[in-house]
Structure formats: structure tokens, C-alpha cells
Amino acid sequence: MELIVVVIVVIALFAFLISELCTEIRRRKVFKFRNYICLMSLSYNNRRISDGTRGRGDALVWFHGKYSMLDMLYSSKPMLLDYWYTKEELDEIKR
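Keep in mind that what you see is a predicted model, and the values were worked out from it rather than measured.

## Some points on the side chain of Arg 34
1) Next: Relative to the helices and strands, Arg 34 is located in helix α1 (residues 2–51).
2) Next: Despite its burial, Arg 34 pairs with no opposite charge, the nearest such side chain being Asp 71 at 7.2 Å.
3) Next: When residues no more than four places from it in sequence are discounted, the contact partners of Arg 34 are His 64, Tyr 67, Ser 68, Met 69 and Met 72.

What follows is the structure, encoded as C-alpha cells:
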């Protein structure tokens with residue numbers, strides 16, 4: 001009986017550690033992806049300032065701020081722009 005309890009505890013601990021590892025890997029991917037989105041937004045803002053056009057306004061608000069860190073962390077979507085943004089948004093941020 002005691003051996004069964006030890007085996008169950010070890011399995012539960014192993015499952016917990018695996019889930020934490022997977023969450024940490026996802027968290028790092030989300031962090032890198034959000035940094036990339038932030039750089040795209042800043043680049044868009046700088047291009048709009050230098051050419052004197054207004055565009056859609058502050059890209060940090062409408063592009064970077066569209067999804068939160070938690071939205072991305074707990075979603076099953078991959079960290080690719082096409083999965084998170086519409087074609088129109090991507091066309092705007094890249095112009």
C-alpha cells in the first residue's frame with residue numbers, strides 16, 4: 001500500500017514538472033513574439049512620423065495592444081503573425 005502511494009506521488013510530481021516546463025517554453029515564445037510585434041509597431045510609428053502621414057494612429061495601441069500576454073500564453077495558436085492578425089492589419093503595419 002505504501003509503495004502505491006509513493007508511485008502515485010512521483011507520477012503526480014512528474015506530471016506537474018512537465019506541465020510547468022511546457023508553460024515556461026510557451027511563455028518564452030510568447031515573450032519573443034510580443035517583442036517582435038512591439039518592434040514592428042515602433043517601426044510603423046517611426047515611418048509614419050518620418051513621412052508625415054497619420055496612418056491608423058499609434059501602432060502600439062491598435063497592433064501590439066490587440067492581444068495581451070495572457071491571451072497569447074493560454075491560446076493554442078502558434079506564434080505566427082498570420083494566426084493573430086488579419087490580412088488588412090498586416091498590410092497596414094508593413095506599409
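## Things to note about the packing of α1 against helix α5 (residues 87–94)
1) Next: At their nearest, the axes of α1 and α5 sit 9 Å apart, and the two run at 55° to each other. The angle between α1 and α5 places the two elements in the oblique class. Note on element contacts: α5 touches α1 through Glu 92, Ile 93 and Lys 94, opposite Met 40, Ser 41, Tyr 44 and Arg 47.
2) Next: Along the lines of polarity and charge, the residues of the contact of α1 with α5 split into three nonpolar, one polar and three charged.

## Considerations on the nonpolar core
1) Next: Among the nonpolar cores identified, the biggest contains 16 residues, and Phe 63, Met 72, Leu 81 and Tyr 85 are the most heavily contacted of them.
2) Next: For this core, the secondary structure elements donating two or more residues are α1, α2 (59–62), α4 (81–84) and α5.
3) Next: Tallying contributions element by element places α1 first for this core, with five residues.
4) Next: When sequence neighbours within four positions are dropped, the list of residues in contact with Phe 63 reads Ile 37, Met 40, Ser 41, Leu 81, Tyr 85, Glu 89, Leu 90 and Ile 93.

## Overview of the pattern of salt bridges
1) Next: A full pass over the atoms with the stated rule returns six salt bridges.
2) Next: Among the ionic pairs, Arg 27 bridges to Glu 24, the shortest N-O distance being 2.9 Å. Of the two residues, Arg 27 and Glu 24 are both situated in helix α1; the distance of three residues between them amounts to about one turn of the helix.
3) Next: Exposure remark for Arg 27: the relative accessible area of 33% places this residue in the partly exposed category.
4) Next: Since its relative accessible area comes to 32%, Glu 24 is described here as partly exposed.
5) Next: Across the salt bridge formed by Arg 48 and Asp 51, the nearest N and O atoms sit 3.1 Å from each other. With a gap of three residues between them, Arg 48 and Asp 51 both fall in helix α1, about one helical turn apart.
6) Next: What you see here is one network of salt bridges that share partners, running through Glu 24, Arg 27 and Arg 28.

The rules behind these values
Residues numbered from 1 in each chain as written. Predicted model: local features only at pLDDT ≥ 70, side-chain atom pairs only at ≥ 80, totals over all residues. Heavy atoms only, no water. Helix = DSSP H or I, 4+ residues; strand = E, 2+ residues; numbered from the N terminus. Buried < 20%, exposed > 50% of the residue type's maximum accessible area, 1.4 Å probe, protein only. Lys, Arg positive; Asp, Glu negative; His and termini not counted. Salt bridge = Lys/Arg side-chain N within 4 Å of Asp/Glu carboxyl O. Contact = heavy atoms within 4.5 Å. Axes fitted to C-alpha atoms, helices over the stretch in contact; angles between N-to-C directions. Parallel < 35°, antiparallel > 145°, perpendicular 65-115°, else oblique. Nonpolar A, V, L, I, M, F, W, Y, C, P; charged D, E, K, R; others polar. Core = buried A, V, L, I, M, F, W, Y, C linked by side-chain atoms within 4.5 Å.

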